Amino acid sequence: MPDLSLVMLGAGSSMRFGLPVKKQWLRVGCDPLWLVATKRLVAMHPFAKVIIVAPKAELAYMRHFGDFTFCEGGDTRQESLKAALLHVNTPHVMVSDIARACVPQEVIARLLGSAGCADVIVPACKVTDTAFFQDDPINREEVRLIQTPQLSHTQALKNALKTDVCFTDDSSAIKANGGTAWYVEGDERAHKLTFAGDLAKLSCLDAPSPFMFTGNGFDVHAFSDVGPMMLGGVEVSQTQGFKAHSDGDVALHALTDAILGAACAGDIGEFFPDTDPAYKGADSGVLLGKVVEFVKSVGFEMVHCDITIIAQTPKLGAFKDAMRRRIASLVGLSPSQINVKATTTEHLGFVGRNEGVAVQASATLKFYDWTRA
Ligand SMILES: Nc1ccn([C@@H]2O[C@H](COP(=O)(O)OP(=O)(O)OP(=O)(O)O)[C@@H](O)[C@H]2O)c(=O)n1
Ligand SMILES: C[C@](O)(CO)[C@H](O)COP(=O)(O)O
């Protein structure tokens, strides 16, 4: 079927999943789950186009993983689907939840084998337990549990979604719009990952790689005569400060870059541009906290941070322990996993001339081990 696009819906917020990592970003080996789910379907059929729908905050990072068409999702599954369909120009479209990462080949073969039988071809599972509706038992032979991927006539799906009514799947929208549905046998291996407990049902997923990732960061700020001076999350002077768009905490900036480096997620300027008035005078501890939250949400755990502050003045010995403790609380580690060092340049260079401070930092991360969740 050469006239078929694939839409992978991955813009959900994983609220019910309940782990620190979003389900889309659980690592399987080194790949995130959304990529595993996509590669799996791509290996089963030569799709004309593959469209990945993601939250705005994850799009830039996602683009590092593959050459697909990426688009920003909406507040609901249906809004995300509508956004994706703007990129679909083939007569047929297969739509899958990224959260169904172990869809077997047989389901895809059944969908493709029934193409043209109706406006939408739907995998459905029979109910084998007794089924109740509210307080009364119902005939379970008449109950179907609907899965994805679903294979639709693109125009029928686009027409069906021109409504404010919110449907939970493509087939409900098409049927409500007067379209036809054809059911093929679903498969329990196509189970949707919704709660952490569902992980035990997805036996196709390998454990995350045990690799450790190290990033480095470097930053410099010039002194200013306006205090306070924030360094390593601690106030080290009231009368002097740094020239900067934010509060100028050069140590936290270097550490933020180190963490982003370890996650291969870019640099601090891509997250908090110094041209954005929102970050004027910003507390760098808050920015660091946001980056830590981001790297955790996309699959990592913090392991260790090491910071070297290169300053002729002020003298920092008395502040190092407070910095270690403050940084530990900002990144969610114990103080024993944070090291802060201070050194001078023996009066050489811009640091030695007391013009400013330079900091270099390194951070070590590993993948969150969901097999132990
Ligand atoms: N605004 C949304 C909501 C959901 N989805 C996608 O639709 C699929 C089914 O949604 P669900 O499993 O409910 O995912 P979440 O919305 O992330 O879960 P939760 O409701 O627990 O937050 C998922 O692949 C999800 O990423 C989406 O693309 N855009
Ligand atoms: C589309 C779907 O996966 C079919 O069963 C399901 O309706 C979507 O799940 P959600 O939890 O309502 O997003």
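Above this text you will find the structure in question.
Residues numbered from 1 in each chain as written. Chains lettered and ligands numbered in written order. Predicted model: local features only at pLDDT ≥ 70, side-chain atom pairs only at ≥ 80, totals over all residues. Heavy atoms only, no water.

**Section: the state of the cysteines**
Heads up, the condition is: Counting rule for disulfides: a pair of cysteine sulfur atoms within 2.5 Å. Helix and strand definitions here come from DSSP, where helices need a minimum of 4 consecutive H or I residues and strands a minimum of 2 consecutive E residues; each element is numbered from the N-terminal end. For every residue, the accessible area obtained with a 1.4 Å probe (protein chains only) is divided by the maximum for its type, and the residue is called buried under 20%, exposed over 50%, and partly exposed between those limits.
Scanning the entire structure with this criterion turns up 1 disulfide. Cys102 shares a disulfide with Cys204; S-S distance 1.9 Å. Of note, the bridge from Cys102 to Cys204 carries an S-S torsion of about -80° and is left-handed in sense. Placement of the pair is Cys102 in the loop between strand E6 (92-97) and helix H4 (105-113) and Cys204 in the loop between strand E12 (181-185) and strand E13 (212-224), with a sequence separation of 102 residues. Judged by relative accessible area, which is 4%, Cys102 ranks as buried. Between Cys71, a cysteine without a disulfide, and Cys166, which holds the nearest cysteine sulfur, the sulfur-to-sulfur distance is 17 Å.

**Focus: the site of ligand 1**
Going by this rule: In this text, near means that some heavy atom of the residue lies within 4 Å of the molecule or strand in question. Any N or O atom pair separated by 3.5 Å or less is treated as a polar contact, with the protein-specific requirement of one donor-capable and one acceptor-capable atom, and with residues adjacent in sequence counted only for side-chain atom pairs. The protein chains shown are the only cover counted for residues, whose accessible areas, like all others here, come from Shrake-Rupley with a 1.4 Å probe. In the scheme used here, Gly and all other residues not listed as nonpolar or charged are polar, with Ala, Val, Leu, Ile, Met, Phe, Trp, Tyr, Cys and Pro taken as nonpolar and Asp, Glu, Lys and Arg as charged.
If you check the shell around ligand 1, you find 18 residues, and the closest are Leu9, Ser14, Met15, Arg16 and Ser80. In the environment of ligand 1, a nitrogen atom lies 2.9 Å from a nitrogen or oxygen atom belonging to the backbone of Gly74. With respect to ligand 1, the side chain of Ser80 contributes an N or O atom lying 2.6 Å from a nitrogen atom. Protein coverage of the free-state accessible area of ligand 1, which is 570 Å², stands at 88%. Residues of the shell around ligand 1, tallied by class, amount to 5 nonpolar, 7 polar and 6 charged.

**Description of the environment of Phe70**
Rules: Here, two residues are considered to be in contact whenever any of their heavy atoms come within 4.5 Å of each other.
Following the sequence through the fold, Phe70 ends up in strand E5 (residues 69-72). Relative accessible area serves as the criterion here: at 9%, Phe70 is assigned to the buried category. Sequence spacing of Phe70 and Val7 is 63 residues, and the spatial spacing of their C-alpha atoms is 9.8 Å. Leaving out residues up to four positions away in the same chain, Phe70 has contacts with Trp34, Ile52, Leu59, Met62 and Arg63.

**Some thoughts on the sheet that holds E13**
Put simply, the test is: For two strands to be treated as a pair, DSSP must find no fewer than two bridges joining them. Under this scheme, a helix contributes an axis fitted over its contacting stretch, all axes are lines through C-alpha atoms, and angles between N-to-C directions fall in the 0 to 180 degree range.
Ordered by their spatial adjacency, 5 strands build an open sheet running E16-E13-E19-E17-E18, and the pairing between neighbours is mixed. Lying at the two open borders of the sheet, with one neighbouring strand each, are strand E16 (241-242) and strand E18 (338-343). Sheet topology places strand E17 (residues 300-310) next to strand E19 (residues 356-367); 10 bridges connect them, and they run antiparallel. Bridge pairing in E19 links Ile309 to Val359. Running over the sheet, helix H7 (residues 250-262) touches E13, E16, E17 and E19 and is turned about 155° from E13. Against the sheet, helix H10 (residues 320-331) makes contact with E17 and E18, and its axis sits at roughly 140° relative to E18, the strand it touches most.

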